[in-house]
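Coordinates in review
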Amino acid sequence: GNSVTQMEGPVTLSEEAFLTINCTYTATGYPSLFWYVQYPGEGLQLLLKATKADDKGSNKGFEATYRKETTSFHLEKGSVQVSDSAVYFCALSENTGRRALTFGSGTRLQVQP
Amino acid sequence: DTEVTQTPKHLVMGMTNKKSLKCEQHMGHRAMYWYKQKAKKPPELMFVYSYEKLSINESVPSRFSPECPNSSLLNLHLHALQPEDSALYLCASSQEPGSPLHFGNGTRLTVT
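What comes next is a walk through the structure. Computed from a prediction, not measured in an experiment: that's the story for all the values here.

A few words on the overall build of chain A. When helices and strands are tallied, chain A shows zero helices and twelve strands. Computed over the C-alpha atoms, the radius of gyration of chain A is 14 Å, within 12% of the 13 Å expected from 2.2 N^0.38 for a compact globule of 113 residues. If you line up chain A on its principal axes, its C-alpha atoms span 45 × 30 × 20 Å. Taking as baseline every contact in chain A between residues at least 6 positions apart, the subset at least 24 positions apart corresponds to 57%. Across chain A, 10 positive and 11 negative side-chain charges occur, with their mean positions spaced 8 Å apart.

All right, on to the interface of chain A and chain B then. Taken residue by residue, the interface counts 19 residues in chain A and 18 residues in chain B. Between chain A and chain B the total buried area reaches about 1400 Å² when both faces are included, carbon and sulfur atoms providing 59% of it. Applying the counting criterion to the chain A and chain B interface returns zero salt bridges. Applying the counting rule to chain A against chain B returns three residue pairs in polar contact (both at pLDDT 80 or more). For the side of chain A that touches chain B, the secondary structure elements donating two or more residues are strand 5 (32-38), strand 6 (44-50), strand 10 (86-93) and strand 11 (101-103) of chain A. Each residue belonging to the side of chain A that touches chain B can be placed in one class, and the counts come to eight nonpolar, six polar and five charged.

Residues and elements named next belong to chain A. Secondary-structure assignment places Gly 106 in the loop between strand 11 and strand 12 (107-112). Under the relative-accessibility criterion, Gly 106 is labelled buried at 16%. With 52 residues separating them in the primary sequence, Gly 106 and Asp 54 have C-alpha atoms 23 Å apart. Not counting residues up to four positions away in its chain, the partners in contact with Gly 106 are Gln 6, Met 7, Val 87, Tyr 88 and Phe 89.

About the thresholds
Residue positions are given per chain, counted from 1 along the sequence in the order it is written. Naming scheme: in the order in which they are written, chains are lettered from A and ligands are numbered from 1. The model is predicted, so local features are restricted to residues of pLDDT at least 70 and side-chain atom pairs to those at 80 or more, both for listing and for counting; the totals for chains, interfaces and linings are taken over all residues. Based on all heavy atoms of the structure, the side-chain values leave hydrogens and waters out of the count. In this description a helix means any DSSP run of H or I spanning at least four residues, a strand means any run of E spanning at least two, and both kinds are numbered starting from the N terminus. The reference for a compact globule is 2.2 Å times residues^0.38; the radius of gyration itself is calculated from the C-alpha atoms. The contact rule is simple, with two residues in contact once any of their heavy atoms fall within 4.5 Å. For this count, His and the chain ends are skipped, Lys and Arg are scored as positive, and Asp and Glu as negative. To locate a charge, the coordinates of NZ of Lys, CZ of Arg, CG of Asp or CD of Glu are taken. As a working definition, buried area equals the accessible area (1.4 Å probe) given up by two parts on being put together, with both sides summed. By convention in these notes, a salt bridge is any Lys or Arg side-chain nitrogen within 4 Å of a carboxyl oxygen on Asp or Glu. Pairing of N or O atoms within 3.5 Å defines a polar contact, subject to two protein rules: one partner must be a possible hydrogen donor and the other a possible acceptor, and residues neighboring in sequence count only if both atoms are side-chain atoms. Side-chain classes follow a simple rule in which Ala, Val, Leu, Ile, Met, Phe, Trp, Tyr, Cys and Pro form the nonpolar group, Asp, Glu, Lys and Arg form the charged group, and the remainder, Gly included, forms the polar group. Classification of residues uses two cut-offs on accessible area relative to the type maximum, computed with a 1.4 Å probe and protein chains only: under 20% is buried, over 50% is exposed, and between them is partly exposed.

Functional significance is not addressed by these values, which are geometric in nature.
Now the structure itself:
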């Protein structure tokens, strides 16, 4: 079956630090990959996505590249802000069949001023 | 502001009560979802409606009963819940099954 593995949190960084949150996946087919962000007291918001190998998703300074050879989709940002503090979920969706999202366990990011 | 609206925001109910959670979207999306999220955990899929038909039921207990009256509305009827059912219930929609999901802000349910 499908699965997504994320690095354990919390990740605590100072403002303007470089961020990497690791994500690897296992899938039987060729999935689409996503990063979702959940701010306190809210639902999840789509942050970025990639639908095929070597695609790079980007939004709000965040980037992630779909690496088929390493089955990874690591999230990066060059300079984090306090407002980036949230929980980040990596997820995949098969492009055929069931097409339901499989989420990773989530990584809490805390950015300190 | 989220484009998927969930009501109520908070709900406290006893184990003998019957209540309903409501979800609405006006983006023309044809797939709608219910997820359950416990604290510090990822969302767990409960139900998927595709073109107003139930397409996925993740072996959810019958005390949870979904309903999709039309393409914009999704309900979750609750009856005889247990305290362990206390969680954040998230509704989501997508243009098609497999498209990116748009989530509501959820209903925080407490079962006493």
